[in-house]
Amino acid sequence: MKNLTSIILAVSFLSVSCGSETTTEEVVQAPKVPVEVTTIGSGLVSDDLELSATAAYLQNSLVTAPIPSFITNVHVRIGDRVKQGQLLFDLESKERKALGNMPVTYDSSLAGYGKIKVKATASGIIKTLDQQAGSYIMEGTTLCTITQTSGMAYKVNVPFEYIRYVRSGNGCTIVLPDNTKHSAVFTKPLVGMNANAQTQTMLAKTSDNLVLPEGLIAKVLISKASDNNKQVLPKACVLTDEMMQSFWVMKLINDSTAIKISVITGNKNKAEIEIISPRFMENDRILSNGNYGLPDTALVKVIAKR
């Protein structure tokens, strides 16, 4: 009986002891990711389309012989710059060649008989010199070719998907191999396309009086920007998937929580990117650093603001 009483007391003591102990569970909080934030800006993102162009002279003037004759003098050489009306060739008809100065002895007014002076029909550069002094030529024979420098243009090969940026009257910038830049304007397209490359040739002309080698290849920079009132963010703010088909930013909804916001992007360069939609408020805080790999709703700690 005494043993039974001892057992009951021991069990009661254990029950009371267990009841007096309190179990405390520690609450484990998820770590907060340190991030930097920025706000939306406005302006223009320069996104130039770069194409290639070839210098070309569109107007060439042929200088031809007016009658069958002998060439007695040539006053120009290849590469010479000439002005309209400048003397190029002295010709002598075969009759004058045969008679010599005999007609002059009978009539002094015939001193110029059979002598023809061929002058430049346009200003430019002598591109080809087809005849030499002493040659006999027939009527219509080409004597030389004058390239009109005022007709110089750039042939720009434009992929068809970019045609909307190179309409007649649109401006562009020509960058020559020596890195000099010249403003130019698109004038008109040439008929036809390159079937293999699917490019159309557009002509661009500059107001600068340049004399360049025909066939010189240059770069053409075309701005794709439409206005300067776009939403602009640093490029590091915008994240994308592996296929670069979906874009999003991480926006703070309070001091410690960031959520994923899908965006539609526009022009971009190495530093900035346009946000077409949605429209953000001026005080919206967008993660600019530490945002990579964050889930849709993430706990963050702001350590800096740009």
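Quick note: structure is the one above.
Given the structure is predicted, the values throughout are model-derived calculations rather than measurements.

Topic: the overall build of the protein chain
Thinking step 1. A count of helices and strands for the protein chain gives 3 helices and 23 strands.
Thinking step 2. Expressed as a percentage of its 306 residues, the buried residues of the protein chain come to 34%.
Thinking step 3. Within the protein chain, residue pairs in contact and separated by at least 24 positions form 71% of the contacts whose partners lie at least 6 positions apart.
Thinking step 4. Surface summary for the protein chain: the accessible area is close to 19,000 Å², and the carbon and sulfur share equals 53%.

Remarks on the sheet that holds strand S11 (residues 142-147)
Thinking step 1. Within the open sheet, the 4 strands sit side by side as S4-S11-S9-S6. Their pairing is antiparallel. In this open sheet, the two strands that pair with only one neighbour each are strand S4 (60-64) and strand S6 (81-82).
Thinking step 2. Across 2 bridges, the pairing between S6 and strand S9 (residues 124-129) is antiparallel. Looking at the pairing, Arg81 lines up with Ile125 of S9.

Points about the layout of surface pockets
Thinking step 1. The calculated volume of the largest pocket comes to roughly 200 Å³.
Thinking step 2. For the largest pocket, the full set of lining residues is Lys235, Ala236, Val238, Leu239, Thr240, Asp241, Glu242, Met244, Phe247, Lys268, Ile273 and Tyr292.

Some details on the pattern of salt bridges
Thinking step 1. Tallied over the entire structure, the rule returns 3 salt bridges.
Thinking step 2. Here Asp90 and Lys117 are joined by a salt bridge, their closest N and O atoms 3.5 Å apart. Taken together, the residues span a long stretch of sequence, with Asp90 in strand S7 (residues 87-93) and Lys117 in strand S8 (residues 115-119) at a distance of 27 residues.
Thinking step 3. Its salt-bridge partner being Asp255, residue Arg285 comes within 3.1 Å of it at the nearest N-O pair. A residue pair is termed long-range when its members are at least 10 positions apart, and Arg285 in the loop between strand S21 (272-277) and strand S22 (286-289) and Asp255 in the loop between strand S19 (247-252) and strand S20 (257-268) qualify at 30 residues.

Notes on unusual backbone geometry
Thinking step 1. A cis amide bond links Ser277 to the next residue, Pro278, at an omega of 0°.
Thinking step 2. Positionally, Pro278 belongs in the loop between S21 and S22.
Thinking step 3. Phi is positive for Asn179, which is not a glycine, with a value near 70°.
Thinking step 4. Unusually for a residue other than glycine, Met244 sits at a positive phi of about 55°.
Thinking step 5. Relative to the helices and strands, Met244 resides in the loop between strand S18 (239-240) and S19.

Examining the sheet that holds S8
Thinking step 1. Here we have 4 strands laid out as an open sheet, ordered S8-S7-S5-S10, and antiparallel in their pairing. The sheet terminates laterally at S8 and strand S10 (136-137), the two strands that pair on one side only.
Thinking step 2. Sheet topology note: the S7/S8 ladder contains 5 bridges and is antiparallel. The residue bridging Glu92 from the neighbouring strand is Lys115, located in S8.

Describing the side chain of Thr145
Thinking step 1. Inspection of the secondary structure assignment puts Thr145 in strand S11.
Thinking step 2. A distance of 2.8 Å separates polar atoms of two side chains, one belonging to Thr145 and the other to Thr128.

A look at the environment of Gln132
Thinking step 1. In this fold, Gln132 is placed in the loop between S9 and S10.
Thinking step 2. With a relative accessible area of 48%, Gln132 lands in the partly exposed category.
Thinking step 3. Residues Gln132 and Phe70, 62 residues apart in the sequence, show an inter-C-alpha distance of 9.9 Å.
Thinking step 4. Contacts of Gln132, omitting those with residues within four sequence positions, involve Ile71 and Val74.

Quick word on the nonpolar core
Thinking step 1. Ranked by size, the top nonpolar core spans 24 residues in total, and within it Tyr154, Val156, Cys172, Ile174, Phe186, Val220 and Ile222 carry the most contacts.
Thinking step 2. Where this core is concerned, the elements lending two or more residues are strand S3 (48-57), strand S12 (152-159), strand S13 (171-175), strand S14 (181-194), strand S15 (199-206) and strand S16 (217-223).
Thinking step 3. Looking at this core element by element, the count peaks at 5 residues for S3.
Thinking step 4. With 17 residues, the next largest nonpolar core counts Leu88, Ile116, Ile126 and Cys144 among its residues.

Side note on the packing of aromatic side chains
Thinking step 1. On inspection of all chains with the given rule, the structure shows 2 aromatic pairs.
Thinking step 2. On the basis of an interplanar angle of 55° and a centroid distance of 4.8 Å, the ring pair of Phe70 and Tyr136 is categorised as tilted. Placement of the pair is Phe70 in strand S5 (residues 69-74) and Tyr136 in strand S10, with a sequence separation of 66 residues.
Thinking step 3. Note on Phe70: relative accessible area 24%, which makes it partly exposed.
Thinking step 4. Between Tyr162 and Tyr165, the aromatic rings sit 6.4 Å apart at their centres with planes inclined by 40°, giving tilted as the arrangement.
Thinking step 5. Residue class for Tyr162 comes out partly exposed when judged on its relative accessible area of 26%.
Thinking step 6. Positioned over the ring face of Trp248 is Lys260, at 4.1 Å from the centre of the ring.

Criteria and thresholds
Residues numbered from 1 in each chain as written. Predicted model: local features only at pLDDT ≥ 70, side-chain atom pairs only at ≥ 80, totals over all residues. Heavy atoms only, no water. Helix = DSSP H or I, 4+ residues; strand = E, 2+ residues; numbered from the N terminus. Buried < 20%, exposed > 50% of the residue type's maximum accessible area, 1.4 Å probe, protein only. Contact = heavy atoms within 4.5 Å. Areas by Shrake-Rupley, 256 points an atom, 1.4 Å probe, with all protein chains shown as cover. Pairing = 2+ DSSP bridges. 1 Å grid on protein atoms, 1.4 Å probe; cavity = no way out; pocket = protein on both sides within 12 Å on 5 of 7 lines; lining within 4 Å. Points joined across faces, edges and corners; volume = space filled by probe spheres on them. Salt bridge = Lys/Arg side-chain N within 4 Å of Asp/Glu carboxyl O. Polar contact = N/O pair within 3.5 Å; in protein donor to acceptor, adjacent residues only side chain to side chain. Core = buried A, V, L, I, M, F, W, Y, C linked by side-chain atoms within 4.5 Å. Phe/Tyr/Trp six-rings, centres within 6.5 Å; stacked < 30°, edge-to-face > 60°. Lys NZ or Arg CZ within 6 Å of the ring centre and 35° of its normal.

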